[in-house]
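Notes for the structure review
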Amino acid sequence: MKKSKNIILNLISIICVAILLWSALHLVVYLLNWQKTNSEIENINKYVETKTNTSDSQGSGLLDIDFESLRKINSDVKGWIKVNGTKINYPFVQTSDNSFYLDHSFDKSENKNGWVFLDYRNNLNNPNQKNYILYAHNMKNQTMFGTLKNTIISDWLKNKDNFIIYIYTEDQCTLWRIFSVYNTKNLSEYLKTNFSSNKKYQSFLNSLKMKSVFNFNTDLDNTEKILTLSTCDGLDSRMVLHAKFISSNSINRQCPKDTFK
């Protein structure tokens, strides 16, 4: 009987040690990935210069991005996103699926922190597409889309300058105005990219607007192009933001003046 108890106690001890070792290893890997992501962001920022311009009504400065150098690091780069009032200020990439960049960094090395990526179904050069979707992890160190949750905080919502998103590509800068922010457990409804009719698209837009935790007082019609940002918010929930296209400028990637007041 005593021998059996000793065996059981030994097994329990072994299991406990194994759990501790696994947890320690998991923590080490997490910290290493965290450090790598921060180092990569620092390296990428070498290829971006902030310039002031009178056309930038927010006064936050325009970005002059060396896309040629970024492409040498990763040919998948498609553009750059900047969201006022958050730390979202990164190049985004795109590949043939929506899984690779969930656990690979900008330089394509394995990293559980992943990177910001465009839905594989989207084509930035296709004028007929309606919903352009960007994904990234909700990182605790506030990298990637870790500060997307700022958009539902009252202080952030008090500043209308925060309602503008900048998307830079190699040949233009576009402005997008936020019209909806919310949390949802429906993980597919807002991810539609094509619609069979204008009526269905209008219904889709109306549903997105109704979900918002804040009324942005933005009109929507079925001619709109929209931008969607999506990140995890727990195991079975997502934090989602939608913005509508306002305007673009293809001259030296200078952003057009926003008339939003």
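Throughout this document, residue positions are counted from 1 along each chain, in the order its sequence is written. It should be noted that, the model being predicted, local features are given only for residues of pLDDT at least 70 and side-chain atom pairs only at 80 or more, the latter also being counted only at that level, while totals for whole chains, interfaces and linings use all residues. Hydrogen atoms and water are omitted, and side-chain values are computed over all heavy atoms in the structure.

**Details of the nonpolar core**
Within the largest apolar cluster, 61 residues are counted, with the highest numbers of intra-cluster contacts made by Trp115, Leu134, Ile165 and Leu229. When residues of this core are assigned to their parent elements, the largest contribution, seven residues, is made by strand E8 (residues 173-184). Throughout, nonpolar core names a set of buried Ala, Val, Leu, Ile, Met, Phe, Trp, Tyr and Cys residues whose side chains join them through atoms within 4.5 Å. When accessible area is computed with a 1.4 Å probe and restricted to protein chains, residues below 20% of their type maximum are described as buried, those above 50% as exposed, and intermediate ones as partly exposed. For the purposes of this entry, the term helix denotes a DSSP run of H or I that reaches at least four residues, the term strand denotes a run of E that reaches at least two, and both are numbered from the N terminus.

**Some details on a nonpolar patch on the surface**
The patches reported here contain residues having more than 30% relative accessible area and no salt bridge. Joining distances are 9 Å for like charges and 5 Å for nonpolar side chains (Val, Leu, Ile, Met, Phe, Trp, Tyr). Each accessible area is a Shrake-Rupley result for a 1.4 Å probe, and residues are judged covered by the shown protein chains and nothing else. In the sections that follow, a salt bridge refers to a side-chain nitrogen of Lys or Arg positioned within 4 Å of a carboxyl oxygen of Asp or Glu. On the surface, Ile152, Ile153 and Val213 cluster together into a nonpolar patch covering about 240 Å² of accessible area. Valine 213 sits in the exposed class, given a relative accessible area of 51%.

**Points about helix H4 (residues 198-211)**
A helix's residues, less one, multiplied by 1.5 Å, set its expected span. If you check H4, its first and last C-alpha atoms are 20 Å apart, about what 14 residues at 1.5 Å a residue would give, namely 20 Å. Among all positions of H4, only Tyr201, Gln202, Phe204, Leu205 and Leu208 are buried. Along the axis of H4, the buried positions cluster into a sector of 155°, meaning they face one direction only. Facing away from the buried side of H4 by over 90 degrees, the exposed positions are Lys199, Lys200 and Met210. Contacts from the buried residues of H4 go to strand E6 (131-135), E8, strand E9 (226-232) and strand E10 (238-249). Summarising the geometry, the arc corresponds to the directions from the helix axis toward the C-beta atoms. Residue contacts follow a heavy-atom distance rule, with two residues in contact if any of their heavy atoms lie within 4.5 Å.

**Notes on the pairing of strand E3 (residues 77-83)**
The element E3 is largely enclosed, with a buried count of six among its seven residues. Where E3 meets strand E4 (residues 89-93), five bridges bridge the pair, whose relative direction is antiparallel. Bridge pairing links tryptophan 80 to proline 91 in E4. Two strands are said to pair when DSSP picks up at least two bridges between them. Taken together, E3 and the strand that follows it, E4, pair antiparallel across an intervening segment of five residues, in which glycine 85 is found at a positive phi of about 75°. Summarising the sheet, E3 and strand E7 (residues 164-168) pair through four bridges and their orientation is antiparallel.

**Comments concerning the environment of aspartate 64**
Along the chain, the position of aspartate 64 falls in strand E2 (residues 62-65). With a relative accessible area of 29%, aspartate 64 lands in the partly exposed category. When the C-alpha positions of aspartate 64 and glutamate 49 are compared, they lie 5.0 Å apart, and in sequence the two are 15 residues distant.

**Some thoughts on the side chain of threonine 169**
With respect to the helices and strands, the residue threonine 169 is situated in the loop between E7 and E8. Judged by relative accessible area, threonine 169 falls into the buried class, the value being 12%. Definition of a polar contact: a pair of N or O atoms within 3.5 Å, with one able to donate and the other able to accept a hydrogen when the atoms are protein atoms, and with sequence-neighbouring residues admitted only if both atoms are side-chain atoms. Of the polar contacts made by the side chain of threonine 169, one reaches the side chain of aspartate 171; its length is 3.0 Å.

**Looking at the confidence of the model for the chain**
On average, residues of the chain carry a pLDDT of 85, and 79% of them reach 70 or more. A residue's pLDDT is simply how confident the predictor is in it, with values from 0 to 100. Contacts from residues 54-59, a stretch scored under 50 in pLDDT, to residues over four places away or in other chains number 16 contacts.

**Side note on the packing of aromatic side chains**
Pairing of aromatic rings covers Phe, Tyr and Trp, the last counted by its six-membered ring, and requires centre-to-centre distances within 6.5 Å; plane angles under 30 degrees mean stacked, over 60 mean edge-to-face, and any other angle means tilted. Summed over all chains, the structure comprises 14 aromatic pairs. Considering the side-chain rings of tyrosine 166 and tyrosine 168, the 6.3 Å spacing of their centres and the 15° angle between planes classify their relative orientation as stacked. In this pair, the class of tyrosine 166 matches that of tyrosine 168, namely buried. Cluster of aromatic residues (ring-pair linked, three or more members): Trp156, Phe163, Phe214 and Phe216. Positioned above the aromatic ring of tyrosine 182, the side-chain terminus of lysine 211 is 5.9 Å from the ring centre. Remark: a charge is flagged as sitting over a ring if the NZ atom of Lys or the CZ atom of Arg is within 6 Å of the ring centre and within 35 degrees of the ring normal.

**A few points about the side chain of asparagine 131**
Along the chain, asparagine 131 turns up in strand E6. A polar side-chain atom of asparagine 131 sits 3.2 Å from the main-chain carbonyl oxygen of tyrosine 190. Polar contacts involving the side chain of asparagine 131 include one to the side chain of threonine 228, which spans 2.8 Å. Dropping the residues within four chain positions of it, asparagine 131 is found in contact with Asn122, Tyr190, Leu191, Lys192, Thr193, Phe204, Ile226, Leu227 and Thr228.

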